[in-house]
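Single-letter residue listing:
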Amino acid sequence: MSRITKYICTECGHVTTTKTGKCPACNSWGTLEILQETKTDSPSQNLPGVKIISALDVKAPPRIATGIDELDRVLGGGLVPGGVVLIGGQPGIGKSTLLLQAAGSVAKIYGKPVLYISGEESDAQIALRASRINTANDKLYLYSGANIDDALRNVEGGKFSFLVLDSVQAMTTGNDSGWPGTVTQVRAVAQRVVDTARQYMIPAVVIGHITKDGKIAGPMMLEHMVDTVLNFSGEGYSSYRMLRAVKNRYGSTDELGVFEMTEGGLSPVSDKSGLYWNRDDSAVAGVAMTIALEGSTPLAAEIQTLATRTIFPYPRRTSRGIELNRFQLLTAVIDRRCSISTNNHDLYINVAGGLSLQDPSADLPACAAIASALKNVPLAAGTCWLGEVGLAGEVRPVTRIDLRLKEAARLGFHTAVVSSRENVKFDGIKIVRVTHIDGALAGMITTRN
Ligand code: TYD
Ligand code: MG
């Protein structure tokens, strides 16, 4: 390929393709020199370890489904060979139960040996649990003991197809001195598991304890060493358990998995909307419904507001499930943009069921609930509200409205109030488009059926 010679002015840096005595840009004389261009052909031949990204293999990693759908979805489609997952959660939340279930399930599905290493419980305790949750089978093996080196000797030669370690804080390795659970031991034990998983290209899950402030106990490094970090948590005294990814090299961190702890172990909760909504359609002032998104999971949420006359010069604002700053901002928007006075009332907002709403689509339903509480007029039944609200009171579109409307239809809503910029239709749902919060609230509160 013939190259065009380029010239660069040593005075001003101007580049030209014609050689002239005077630089056309800065008018300096005799300053144009041939531009030495860097050779762009395959530099990687001379750069050891450097590759052209587009020439690399882009095949998605194969997945090993655990058969527990809620877990597989949070993982991004299942376990990855050679990938290590760290799962943290409060004591008693069900980490051992979930992983014993997963281990049994993988062994059953793939018919290959799976090793469950426990440094925490005795053979008898684990056997009892396995039979209680009906997960024992002849491919599910147990190693109970606190030395990871002894445990992993069994894995040599690739005899196992999946590895669970319960827990990283309960094990020690001979390579490093110290009590189990110390920073050096936790790091060394985790490193042994990561090395083993990579060497035999098998997936591994490591259970980790969390500290009082919710972090996984051990070095910060721990979370960097693994590919995926999951958080298993429960809300209040409920039997529901939430599984979320905090970090995921192989998938998104938005997905939510929900389980219920039952007599027979953890059972998946597929109808998540039922969790936070009691389906009671009796009209109460101050209550608005919305469909929030947790990752790709739509959830019906009930926003409740209470307004009481205040005797204080500074009315109280209390919120649960919606960030207080956001609640105050929405209250100010209603006050200024809708000519509904909020100043004489203490306002309390709550999202039913202990759900925490980060999704900005909760703005419009929150405003509707506040206005409804202040006027003491219930909102129209069977209606869900989906919109973000700006400081000017404008109602903005939300993400994945299609998914939300589908869930709304499934749950029996017949009307959805959305932004006028939303270009959407849905069979069986009347779409009410609103531009501004003022019109939205005036319309819906007075047209109650
Ligand atoms: P566990 O898995 O041991 O929790 P972790 O490993 O996170 O500490 O679960 C302990 C709790 O779960 C315990 O309080 C009993 C309850 N549980 C059930 O309700 N049903 C069951 O089938 C099992 C195995 C446990
Ligand atoms: Mg446990």
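If you're wondering where the values come from, they're calculated on a predicted model, not measured in any experiment.

**Details of the overall build of the protein chain**
Within the protein chain, the secondary structure is distributed over 11 helices and 21 strands. Here the protein chain has a C-alpha radius of gyration of 30 Å; the compact-globule value for 449 residues is 22 Å, and the former is much larger. Principal axes of the C-alpha set define a box for the protein chain whose edges measure 90 × 75 × 45 Å. In the protein chain, which comprises 449 residues, the proportion classed as buried is 47%. Intrachain contacts of the protein chain at a sequence separation of at least 6 include 64% that bridge at least 24 residues. Carbon and sulfur atoms make up 52% of the accessible area of the protein chain, which totals about 22,400 Å². Once the 46 positive and 43 negative side-chain charges of the protein chain are each reduced to a mean point, those two points are 4 Å apart.

**Looking at the sheet that holds strand β2 (residues 15-16)**
Sheet architecture is open: 3 strands sit in the order β2-β1-β3, paired in antiparallel fashion. Two strands bound the open sheet, and with one partner strand each, they are β2 and β3 (32-34). Both strand β1 (residues 7-9) and β3 contribute to a ladder of 3 bridges, which runs antiparallel. Within β3, the residue paired with I8 across the bridge is E33.

**Here's the deal with helix α8 (residues 324-337)**
Its 14 residues give α8 an end-to-end C-alpha distance of 20 Å, which sits within 8% of 20 Å, the value for a rise of 1.5 Å per residue. All buried positions along α8 are accounted for by R326, F327, L330, T331, V333 and I334. Considered in projection along α8, the buried side chains sweep an arc of 160° and stay on one side of the axis. Away from its buried face, by an angle of more than 90 degrees, α8 presents the exposed residues N325 and R336. Downstream of α8 by a residue or two, S339 has a phi angle that is positive, lying close to 45°.

**Topic: the domain arrangement of the protein chain**
Split by domain assignment, the protein chain resolves into domain 1 (1-39), domain 2 (69-270) and domain 3 (275-441). The distance between the C-alpha centroids of domain 2 and domain 3 comes to 39 Å. On the side of domain 3, 10 residues touch domain 2, which itself brings 10 residues to the contact. Taking both sides of the interface into account, the surface hidden between domain 2 and domain 3 amounts to around 670 Å²; carbon and sulfur atoms contribute 50%.

**Notes on the environment of T5**
Note that T5 resides in the segment before β1. T5 sits in the partly exposed class, given a relative accessible area of 36%. Contacts of T5, omitting those with residues within four sequence positions, involve T17 and I34.

**Digging into the sheet that holds strand β9 (residues 228-234)**
An order of β6-β5-β7-β8-β4-β9-β10-β11-β12 is seen for the 9 strands of this open sheet, with the pairing classed as mixed. Both outer strands of the open sheet, β6 (140-144) and β12 (265-268), are each paired with one neighbouring strand and no more. Direction aside, the axes of adjacent strands within the sheet are offset by 25° on average. Pairing of strand β10 (residues 240-248) with strand β11 (residues 256-262) involves 5 bridges; the strand directions are antiparallel. Of the residues in β11, the one forming a bridge with Y240 is E260.

**Focus on the packing of aromatic side chains**
Scanning the entire structure with this criterion turns up 2 aromatic pairs. Summarising the aromatic geometry, the rings of Y141 and F160 are spaced 5.4 Å apart at their centres and angled 80° between planes, so their arrangement reads as edge-to-face. Here the residue Y141 occupies a position in strand β6, and F160 occupies one in the loop between α4 (148-153) and β7 (162-166), the gap between them amounting to 19 residues. Note on Y141: relative accessible area 40%, which makes it partly exposed. When the ring of F232 is compared with that of F259, the centres are 6.0 Å apart and the planes differ by 85°; the resulting orientation is edge-to-face. Residue F232 is located in strand β9, and its partner F259 is located in strand β11; the two are separated by 27 residues in the primary sequence.

What counts as what
- Residues numbered from 1 in each chain as written.
- Chains lettered and ligands numbered in written order.
- Predicted model: local features only at pLDDT ≥ 70, side-chain atom pairs only at ≥ 80, totals over all residues.
- Heavy atoms only, no water.
- Helix = DSSP H or I, 4+ residues; strand = E, 2+ residues; numbered from the N terminus.
- Rg over C-alpha atoms; globule rule 2.2 N^0.38 Å.
- Buried < 20%, exposed > 50% of the residue type's maximum accessible area, 1.4 Å probe, protein only.
- Contact = heavy atoms within 4.5 Å.
- Areas by Shrake-Rupley, 256 points an atom, 1.4 Å probe, with all protein chains shown as cover.
- Lys, Arg positive; Asp, Glu negative; His and termini not counted.
- Charge placed at Lys NZ, Arg CZ, Asp CG, Glu CD.
- Pairing = 2+ DSSP bridges.
- Expected span 1.5 Å × (residues − 1).
- Arc of directions from axis to C-beta.
- Domains from an automatic or database assignment.
- Buried area = accessible area lost by both parts, 1.4 Å probe.
- Axes fitted to C-alpha atoms, helices over the stretch in contact; angles between N-to-C directions.
- Phe/Tyr/Trp six-rings, centres within 6.5 Å; stacked < 30°, edge-to-face > 60°.

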